Amino acid sequence: MFICTVRANTLKFFSVIAVSIIALCAIILMVPEYTPVSTKAITAEAEKYNYDKIKTVDDVIGFLAQFGWEVEPTPVEEVKIKIPGEFDKVMNSYNELQRKQGLDLSKYRDREVTRYTFKVKNFSDYNGTVMANVIVYKKKVIGGDICSTDVTGFICGFDGIQGK
């Protein structure tokens, strides 16, 4: 035969523990999810633009027009490229530019994609040649940039803001 005795102090102890656990769970459930402000801004910015349903060259031109870019109607280049499996320093830097505009090429490592390059007609405050590169995978824009072809040129996201 087994006899178990419980004192009032033991009941109080377990009651306090149980109430504490319930209170902690309630607090955790009431705290809103934390998202950094910059991520919210990028997500809100990305939601304004349509990155899907890119089937033709005209769709790419329409995509660039969302950002206010006027480009030549015929691409300078339309080429299949492969996203490298391992990113070097240059590719990491380029992918950082993509992340700043809400995109990420690291998800597409070792995949063959199409890069469209167009000559931009309306880039203000710059006298050199400016190109728009748009990287498409399975009818979706996954990356790209606006850049100059000069040696001392620039590269920026689709919004045209350098050093964002």
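Residues numbered from 1 in each chain as written. Predicted model: local features only at pLDDT ≥ 70, side-chain atom pairs only at ≥ 80, totals over all residues. Heavy atoms only, no water.

(A) Representation of the sheet that holds strand β2 (residues 112-119) in the model. Taken together, five strands build an open sheet; the order of strands is β1-β2-β3-β4-β5 and the sheet is antiparallel. Each edge of the open sheet carries a strand with a single partner, namely β1 (77-82) and β5 (155-156). Here β2 runs beside strand β3 (residues 130-137); their pairing, made up of six bridges, is antiparallel. Across the sheet, the residue bridging to arginine 115 is isoleucine 135, located in β3. Here helix α3 (residues 57-66) sits on the sheet and contacts β1, β2, β3 and β4 (140-148); the angle it forms with β2, its principal contact strand, is near 65 degrees. Set on the sheet, helix α4 (residues 89-100) makes contact with β3, β4 and β5; between it and β4 the angle comes to about 110 degrees. (Pairing = 2+ DSSP bridges. Helix = DSSP H or I, 4+ residues; strand = E, 2+ residues; numbered from the N terminus. Contact = heavy atoms within 4.5 Å. Axes fitted to C-alpha atoms, helices over the stretch in contact; angles between N-to-C directions.)

(B) Main features of unusual backbone geometry. Phi at aspartate 110 is positive, roughly 65 degrees, even though this residue is not glycine. As for its position among the elements, aspartate 110 is in the loop between α4 and β2.

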